[in-house]
Amino acid sequence: MKKIPRHIISALVISLAVVALVVYLGLVFSSQWKEEPIYPGPGVTSIHMLSEWSPELKGTSGDTPVYVLDSGVEGASMLVLGGTHPNEPSGFISAVMLIEWCEPEEGVLYVIPRANNSAFTCTDPLEAAPMSFTIETGNGERWFRFGSRATNPIHQWPDSEIYVHASSGQKLSGSEVRNLNRAYPGREDGTFTEKITYGITELIKDKDISITVDLHEASPEYTTVNAIVAHEDAIGLANITLWMVEEDMSISIEQSPKNLHGLTHRELGDYTDTLALLMETANPSQGRLHGKIDSDLVVYGDDKFYHRAYEYGALTVPYGENGISLTERCARHITCLVNMCEMYDGDDGYISLGWDMPSYSEIMENGIGYYLADPE
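Residues numbered from 1 in each chain as written. Predicted model: local features only at pLDDT ≥ 70, side-chain atom pairs only at ≥ 80, totals over all residues. Heavy atoms only, no water.

*Asks:* Can you explain the packing of helix H2 (residues 89–101) against helix H8 (residues 326–343)? Please cite residues and give values.
*Replies:* Direction vectors running N to C along H2 and H8 enclose 60°, while the axes themselves pass 9 Å from each other. In terms of axis orientation, H2 runs oblique to H8. Classified by chirality, the crossing of H8 by H2 is right-handed. Each of Pro89, Ser90, Gly91, Ile93, Ser94, Met97 and Leu98 in H2 lies in contact with H8, whose residues at this interface are Leu326, Arg329, Cys330, His333, Ile334 and Leu337. A class-by-class count of the residues in the contact of H2 with H8 yields eight nonpolar, four polar and one charged. (Axes fitted to C-alpha atoms, helices over the stretch in contact; angles between N-to-C directions. Helix = DSSP H or I, 4+ residues; strand = E, 2+ residues; numbered from the N terminus. Parallel < 35°, antiparallel > 145°, perpendicular 65-115°, else oblique. Left-handed = near helix turned anticlockwise from the far one by under 90°. Contact = heavy atoms within 4.5 Å. Nonpolar A, V, L, I, M, F, W, Y, C, P; charged D, E, K, R; others polar.)

See the structure below:
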C-alpha cells in the first residue's frame, strides 16, 4: 500500500482542526440567540408581542414580549422599559423582578424587559464582555444574557457616518443609528431600530399610558448617574419621588434637555401624553476604569481599580468597600418605581404596585435573587 505523504496528513489534520474550530465557534455564536427563561408571576394577566403595535417586527429579532399586570381595578397605568441597553443589567433584572413578583392592587402595569431584543443577541466588540451572568436565588442559580448597547449589526447594517434623527433633523454620530435610545419616536417604515421605538410609542398611545419609565445604567465616573431624568411635564413627579426615597439612597434630578433628541424622556414626553422619565444607576462593569469584566463584576460590582479611582476622587458616586452591587442598583430602580406610583395623582386615577413590594432596605438585606423565581 502506498504511503500517504506527510504533508497531506498534516493538511488533513489542520483542515479537521479548522472545521472543529468553526463548528465550536458556530455553536458559541448561536448560543447568544437563546433567551433566558422568565417566569411570569401571579400578577401577570396577559402577554402580548410588540409587533401588535409595529407589524413589520413580526417574526424578527426586534419583536419582544410585553407583559401586562392588570389589577382589575380601574386606574392609571405605568410602562417600564428594561433592556434598552442590554449591557446595563439592572434595568433588565428590575423588569424581570416586576414580572415575577409584582401584583398590582390598582391600575395596570406594562413591562417590556427586553426593549431592544436584538441587542441581547450580541456583545460590544473589543469590550471582552461576558455573554451572560448568573444570580443566586433561593433554590439555585439563574443565568441572564449580557448584551450590547446597540442593535445587532446583522439586523441593521451598515451604519452611516452621520445619523440624522428623523423627526428633529438633529445630526449625531453614525454609531448612534442602532441605539434604541436615540431612535424615538420611531417610524413605521424606518430603520429596524426605529421600528422598535415606533412600536413602543404606538403602545403608549394605544393604551394611554400615564407614566413611562426607562431603566438605565451609567459608569460610576459619568456625571448623570444615580439620577432621574425627567421631561418637563414629569419633573414634578420626579421631585416628589426624590422626597420620598430613603436617606441611604441619595439621588439627583435632571430635566430632559430640549436640544438632545431621540431619547425616551424627550420624545415620548413630546409625542405622547405619558409622563416620561429615565433612571440611571452606577454600573462598574460599564465604565472605563475597571479590570477584568466577568459575571462577578456585573453582579457584585466590586473592582480594585474603581476603589483606587474613588480614593483619588475620580468618581461621581460613593464606592463602598464592597463596590456597587446589582442588588443595590435594582433596589434603587424598584424603590423609585414604587414611589412614583404612590405619588402619582392624575386625572386617570391611581396606580399601586401592591402592598408586598419590598423597600430599598429589604432588597439590600435579602439580595435581588430573593425576588426572582427559583429556576426549573
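Still more ground to cover, so stick around.
*Asks:* I'd love a proper account of the side chain of Ser210, names of residues and values included.
*Replies:* Considering the arrangement of structural elements, one finds Ser210 in the loop between helix H3 (192–207) and strand E9 (211–218). Reaching out from Ser210, the side chain makes a polar contact with the side chain of Asp348 at a distance of 2.3 Å. Sequence-distant contacts of Ser210, that is, excluding residues within four places in its chain, are made with Ala76, Ser77, Thr274, Leu275, Tyr344 and Asp348. (Polar contact = N/O pair within 3.5 Å; in protein donor to acceptor, adjacent residues only side chain to side chain.)

*Asks:* Residues and numbers for the layout of surface pockets, please.
*Replies:* It is the rolling of a water-molecule-sized probe over the atoms that shows where space remains empty. What the largest pocket holds in volume is close to 950 Å³. Forming the walls of the largest pocket are 42 residues, and the residues nearest its centre are His85, Asn87, Glu88, Arg149 and Gln286. Of all the elements in the fold, those that place two or more residues in the lining of the largest pocket are E9, strand E11 (252–255) and strand E12 (275–282). The greatest single-element share of the lining of the largest pocket, amounting to three residues, is contributed by E9. (1 Å grid on protein atoms, 1.4 Å probe; cavity = no way out; pocket = protein on both sides within 12 Å on 5 of 7 lines; lining within 4 Å. Points joined across faces, edges and corners; volume = space filled by probe spheres on them.)

*Asks:* An account of a negative patch on the surface is requested, with residue identities and associated values reported.
*Replies:* Together, Asp208, Asp273, Asp345, Asp347 and Asp348 give the surface a local cluster of negative charge. Its location among the elements puts Asp273 in the loop between helix H5 (264–271) and E12. For Asp273, a relative accessible area of 69% translates into the label exposed. (Patch = residues over 30% accessible without salt bridge, like charges linked within 9 Å, V, L, I, M, F, W, Y side chains within 5 Å. Areas by Shrake-Rupley, 256 points an atom, 1.4 Å probe, with all protein chains shown as cover. Salt bridge = Lys/Arg side-chain N within 4 Å of Asp/Glu carboxyl O. Lys, Arg positive; Asp, Glu negative; His and termini not counted. Charge placed at Lys NZ, Arg CZ, Asp CG, Glu CD. Buried < 20%, exposed > 50% of the residue type's maximum accessible area, 1.4 Å probe, protein only.)

*Asks:* Let's hear about the side chain of Asn226: which residues, and what values?
*Replies:* Along the chain, the position of Asn226 falls in the loop between E9 and strand E10 (227–230). Take Asn226: its relative accessible area is 8%, and that puts it in the buried class. Looking at Asn226, its side chain comes within polar contact range of the main-chain nitrogen of Ala282, at 3.4 Å. For Asn226, the residues in contact, after removing those within four places along its chain, are Ser250, Ile251, Ser252, Glu280, Thr281, Ala282, Val317 and Arg332.

*Asks:* Requested: an account of the packing of helix H4 (residues 235–244) against H8, with residues and values cited.
*Replies:* Where H4 contacts H8, the two axes come as close as 9 Å, and the packing angle between them is 115°. In the packing of H4 onto H8, the handedness of the crossing is right-handed. Here Leu237, Ile240, Thr241 and Met244 of H4 lie close against H8, whose contacting residues are Cys336, Asn339, Met340 and Met343. Residue composition of the contact of H4 with H8, by class: six nonpolar, two polar and no charged.

*Asks:* Go over empty space enclosed by the protein, please, and point to the residues and values.
*Replies:* Evaluation of the coordinates by the stated rule reveals one cavity of 30 Å³ or more. Size it by volume and the largest cavity reaches roughly 40 Å³. Around the largest cavity, the lining residues are Asn226, Ala227, Met249, Ile251, Met279, Glu280, Thr281, Arg332, His333 and Cys336. Elements that contribute at least two residues to the lining of the largest cavity include exactly E12 and H8. Considered class by class, the residues forming the lining of the largest cavity number five nonpolar, three polar and two charged.

*Asks:* Go over the sheet that holds E10 with me, naming the residues and quoting the values.
*Replies:* Read from one edge of the open sheet, eight strands run E1-E2-E4-E3-E9-E12-E10-E11, paired in mixed fashion. The two strands at the open ends of the sheet, each matched to only one other strand, are strand E1 (46–49) and E11. Taking the axes of each pair of neighbouring strands and ignoring which way they run, one obtains an average angle of 20° across the sheet. Pairing of E9 with E12, which is carried by eight bridges, proceeds in the parallel orientation. Looking at the pairing, Leu215 lines up with Met279 of E12. Contacts from H5 reach strand E3 (77–81), E9, E10 and E12 within the one sheet, and its direction differs from that of E12 by about 170°. Taken strand by strand, H8 contacts E3, E9, E10 and E12, and its axis lies near 155° from that of E12. (Pairing = 2+ DSSP bridges.)

*Asks:* Give a detailed account of unusual backbone geometry, specifying residues and quantitative values.
*Replies:* Note that the residue after Trp157, namely Pro158, is joined by a cis bond; omega there is 0°. Its place among the elements puts Pro158 in the loop between strand E6 (140–145) and strand E7 (162–164). With omega at 5°, the peptide bond leading from Tyr184 into Pro185 counts as cis. Tracing the sequence through the fold places Pro185 in the loop between strand E8 (171–173) and H3. For Ala128, which is not glycine, the phi dihedral falls at a positive 55°. Tracing the backbone shows Ala128 in the loop between strand E4 (108–112) and strand E5 (132–137). Note on Ala128: relative accessible area 66%, which makes it exposed. The residue Asn226 is not glycine, and still its phi comes out positive at about 50°.

Take it as geometry only, folks, not as evidence of what the structure does.
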